[in-house]
Amino acid sequence: MIVHICLLGTLEVYREGSKVALPPGTRLRTLLAWLALYAGPHPRARLAARFWPDVPDSSARASLRSAVWTLRGTLGPASACLAADRSWVGLRDGCVRVDLHEFNELAGGGHLHEAIALCRGELLHELDDDWVYEEREAHAVRLAGVLGDIAAQAGAAGDPRTAATWARRRAALRPLDEQAARDLIRRLARAGDAPGALVAYGRLRARIMQTLRGG
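Given the structure is predicted, the values throughout are model-derived calculations rather than measurements. (Residues numbered from 1 in each chain as written. Predicted model: local features only at pLDDT ≥ 70, side-chain atom pairs only at ≥ 80, totals over all residues. Heavy atoms only, no water.)

One pass over the full model with this rule turns up one cavity of 30 Å³ or more. A volume near 30 Å³ is recorded for the largest cavity. Looking at the largest cavity, the residues that line it are Val 3, Ile 5, Leu 32, Leu 75, Cys 81, Leu 91 and Val 96. Looking at the lining of the largest cavity residue by residue, the classes come out as seven nonpolar, no polar and no charged. (1 Å grid on protein atoms, 1.4 Å probe; cavity = no way out; pocket = protein on both sides within 12 Å on 5 of 7 lines; lining within 4 Å. Points joined across faces, edges and corners; volume = space filled by probe spheres on them. Nonpolar A, V, L, I, M, F, W, Y, C, P; charged D, E, K, R; others polar.)

Now the structure itself:
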């Protein structure tokens, strides 16, 4: 049985096409997201220390055992996908699909539009752990690259309007990226949208001036 875990947007889990109701509690959801994002078995001691750092080791390990038990119950018939023994916890290879990993594989294989279709929002946008922020930023950079590649393909195919549309999405995703802003201005101009290009230029100029003023 395949479990599909969605990290792009709100954390969601699907079992045979049906959405699984996740228990309340940020800690358990964060643990599941970690296991989905980082494949392979993880030492129990390390997981306990990471997710329950402010309690004694024995209490942290007990909390991890409880979380694993809850996750097994949540997955129900698909609980075999969660591998756990006295030393390790992880999701089994071959029975879990993770949309972020699929995005990376599709993008790396040149299937750019299919990769974009998986993006429902920013990575794990309801979670606020430090490692989530780092992974969210890394994914945003990869996504911006894909958007830029699609814009370039449209431009090379002689479709400047579509190229400008994708460039606009890239610039909106990375509002502080000067290169993305410059690319948007150039593609809007090529698409014949002079007013739009002027607006984009004005925004870029304002950001540069603010930076120079130390704002």
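Let us now look at the pairing of strand 1 (residues 3–6). With burial as the criterion, each face of strand 1 is covered, one bearing Val 3 and Ile 5 and the other bearing His 4 and Cys 6. Pairing of strand 1 with strand 2 (residues 12–15) involves four bridges; the strand directions are antiparallel. Bridge pairing in strand 2 links Ile 5 to Val 13. Of the pairings in the sheet, the one linking strand 1 to strand 7 (residues 96–98) comprises three bridges and is parallel in character. Its bridge partner being in strand 7, Ile 5 is matched across the sheet by Val 98. (Buried < 20%, exposed > 50% of the residue type's maximum accessible area, 1.4 Å probe, protein only. Helix = DSSP H or I, 4+ residues; strand = E, 2+ residues; numbered from the N terminus. Pairing = 2+ DSSP bridges.)

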